[in-house]
Every structure is written in C-alpha cells, then in structure tokens.
Amino acid sequence: MMNDKLVFLGLLYFIQGIPYGLQSSLLPVYLRGAGHSLTNISLTKILYFPWVLKVFWAPLVDRTGTKRCWLVGTVAGLALTCLVSATISPDVQYMGVAGSLLAMNLLASVQDIAADGSAVRLLRGQGELGLGNTVQVVGYKAGSVFAGGGLLAVIDVAGWGWMFTLLACVYGGVALFVWGAPVLDGESPRGQGEGRRGSKDVMQPWKVWRKLLSVPGTPWTMFYVLTYKLGEQGAVTMFPLFLLDHHMTARELGVWNGVVAMAFSICGSSIGGFLLSQYSIGLLMRRVFMMRTVSMVFQSSLLIVLEPSVLMKGMAVLSLSLQHFIAGLITTLTFTTMMNCTQRAEESIQATHYSFLATLEVLGKLSFSALAGGMVDTVGFPIAFILFLFLTSSSALHVWRATETGILKEQLKEQPQ
C-alpha cells in the first residue's frame, strides 16, 4: 500500500515540475535562439505568479468536489494546453507562448493544492511523511530536469510541436492513471451541507484565515518557512557568480553548478527521507542546520582566495556540492515539518493550510534572491556573505531553540512510526 502511495504522489509531483523546467531552462534558450530580446525572456518570470496566488483559491479546492476530480480535471487541462501549445509558432507568436505557459502555471498550481491535500490525507506517521516528502521533492526536481534538460536536448531534432504533443500524451496518461488510482478510493465527496458551509466560508475568507492561524504550531512554522533559506538562497545565487568573475568559465560553471550540484541536491533530498524513517525530525533538524552553518563558513572563507588555481576550483566544487546536498536534505525536512503542522488542522482546511505555508516558503526564497544581487553590488561579496552567514546562523539558532523549548521539543526524542 505504501508503494502505491509513493508511485501515485511521485507521478503527480513529477508532472508538476514540468512547467518550471520548461520556463526556467528550456524556454530562455529556445526563445533567445529564435531571436527574442532578453527583456522579453526576463518578463516570462511574471508567469510564475499563479503559484504565489494559489492560497486564495485553495479553500475552493478544499471545500468542493473531491481531490480525484480536481486532479483529473487539472491534469487533463494541462494535456489540452500542451496540445494548443503544439500549434503555436514561438518564433513569431510570443504572446501565444506566454499565454500557454500562464495557463500551465495556473493549472499546475491548482493541481498542487489537490496533490498536497491528498498527501496530507494519505501519509501517516513520521516514516511515511519522510518518504512521501522525499518523493515530492525528488519528483518535482526530476520533472524539472526532464523538461528543462531532457527536452532541450531533443527539441532541435523533434521540434516545438512534437515536443508539446509528447507532453500532452504524458499528461493524458497521468490523468487516466489518477482517475483509476485505488489510493483515492477512501475519499468521500463533500456533502450538500458541507458544500454550503464551505461556500459560505469561501465568501468570508477571514473565517478561513482565523482557522488557519489557530492551528497549533502555525505561527512558528510561518516564521520558519519565511526565513530558513534566506542566507542559503543568497549564497546559492551569488557564489556561482563570484566563481564566474574569478575562477571558472561559463562552461565549467554550467557543468559543476548546473549538473553536478543538482545531482547532489536530489541525493540530499532522497537521503532525507531515509533518515526520517530512522531518526526523529527534531534531532535531524538540529544537526543538519548546524552542518549548513559550518558549510557556509567554509564557502565564505573561499572569497578571500582570488587567484585561480586547481586547488581553488576543487574547493569551490566541494563547497557547491556540500551546499546543494545539505539544501536538498533541509528541503525534505522542511516539507515534512510543514505537513506535520498541517495534519493538526481539521480536514476541511488542510489543503488550504499547506498551500498557505508553501506560498510563504516560495515568497521567502524568491524575495531574497531578487535582493541578493543589489546587496552584493552595494557592499561587495565579503560583506554580503557575512550577512548570509549571519542569517544562516540565526536560522540554526531558531531551530535549536524550538527543539529546546518550542514546537519541535516534543519531536526531539519521538521515534518514527
């Protein structure tokens, strides 16, 4: 039964990562090759906006219909969108491409709400939560790599139309799989009374927010997901650019930071699920956050070595690999912590609660990434990395205190089920 859950969730999160891979890796290269300006290419980042807004329509997914219907409907919608995209000529129809990607992001964000709600209901005990969140993180990254790297390698041969036709087939197959998936058989449709109450709550959002904020552990988790990656995100964004300025070529950086580092990130996420099946999450978070702080000290120390050398490149690659491995591990622990918190909420708001936390997690990462470049331009790499190190250390202290006196105290010695 557990294997059925993991396959089901893995497929959902795999196809969820495809739009991100298309937009972050494949599309910029393809549009640039088609002659589009860097301004037009940069403006495609706006198309991620549905992911920030998804918390506002999450109550509708929570309170109406079933998760199966929402999943089948959104995945089938993604298949149809891909079929429409296959008829577009990206060389001359820039707005058509943008519209298709906006539709894909909107549908994928709604699918994410239903998928998260299903995961919260299906996964029980820390062991299942750890494995389930590993599948979530690794599946999403694998879908992104498939769309951004795999399809980019064949698009010159297959062409734009055939590529999106292939994606339509993938989405169509997953929609059929979800329609017949036995893991959702226990879900009951919303009754009329519940539907009326749900519709009333959707029209009175302050009631939903009051319920969300009253869930035990929510205030701490909100602050945690907003801040836990700030220092790390600044370093992940800026350290490769430092290497590009002083030590590595763009080709070398593409291999080490784009391929090898991603492999370490996926490895860290995978090992995180295994460790959660063996140790308490409180104990793991204490140790891993301290490891990340030490890794940041090591990486920051490399900024004073400006002369390019084989040894420096080796240390830089080691630093990138450690950084992404620990980041992948922490991501799995964080999503498990979020799901632990969400499971304390009543079932009628669980998908909304988890979507709310996930939105804050994205906002924390994206907002600081947008500011990191200006910070380095203003104060320079060394001072900026001192700030990154301070934020990383503060996050470790926040987690440590939570295991001593806060929400993680009860989970410090709790053994996985």
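Owing to the predicted nature of the structure, the values given are computational and were not obtained by experimental measurement.

**Q** Which residues make up helix 4 (residues 67–86), and what values go with them?
**A** If you check helix 4, its first and last C-alpha atoms are 29 Å apart, about what 20 residues at 1.5 Å a residue would give, namely 28 Å. If you check which residues of helix 4 are buried, you get K67, R68, L71, V72, T74, V75, G77, L78, A79, T81, C82 and S85.

**Q** Outline empty space enclosed by the protein, supporting the account with residue identities and numerical values.
**A** One pass over the full model with this rule turns up 3 cavities of 30 Å³ or more. By volume, the largest cavity amounts to about 60 Å³. In this structure, the largest cavity is lined by E232, R292, S295, M296, Q299, S319, L322, Q323 and I326. Contributing elements (two or more residues each) for the lining of the largest cavity: helix 12 (281–301) and helix 13 (310–342). For the lining of the largest cavity, a count of residues per class yields 3 nonpolar, 4 polar and 2 charged.

**Q** Now, about the packing of aromatic side chains: what can you tell me, with residues and values included?
**A** Applying the stated rule across the entire model yields 9 aromatic pairs. On the basis of an interplanar angle of 5° and a centroid distance of 5.1 Å, the ring pair of W220 and Y224 is categorised as stacked. Residue W220 and its partner Y224 are located together in helix 9 (residues 218–227), separated by 4 residues, close to a single helical turn. An angle of 65° between the planes, with centres 6.3 Å apart, marks the rings of F239 and F385 as edge-to-face.

Rules of the game
Counting starts from 1 at the beginning of each chain's written sequence and moves along it residue by residue. Reporting of local features is limited, given that this is a predicted model, to residues whose pLDDT is at least 70; pairs of side-chain atoms are given and counted only at 80 or more, and all residues count toward the totals for whole chains, interfaces and linings. No hydrogens and no water enter the side-chain calculation; it runs on all heavy atoms of the structure. A helix here means a DSSP run of H or I that spans at least four residues, while a strand means a run of E at least two residues long, and both kinds are numbered starting from the N terminus. Multiplying one less than the number of residues by 1.5 Å gives the expected span of a helix. Throughout this description, buried means an accessible area under 20% of the type-specific maximum (1.4 Å probe, protein chains only), exposed means over 50%, and partly exposed covers the range between. Points on a 1 Å grid, built from protein atoms alone, make a cavity when a 1.4 Å probe fits but cannot get out and make a pocket when they are open with protein on both sides within 12 Å along at least 5 of 7 lines; residues with an atom within 4 Å of a point are the lining residues. Grid points are joined across faces, edges and corners, and a volume is the space filled by probe spheres set on the points. Amino acids outside the nonpolar list (Ala, Val, Leu, Ile, Met, Phe, Trp, Tyr, Cys, Pro) and the charged list (Asp, Glu, Lys, Arg) are all regarded as polar, and Gly is one of them. Classification of ring pairs uses Phe, Tyr and Trp, with its six-membered ring standing for Trp, and accepts pairs whose centres are within 6.5 Å; under 30 degrees between planes counts as stacked, over 60 as edge-to-face, and the remaining range as tilted.

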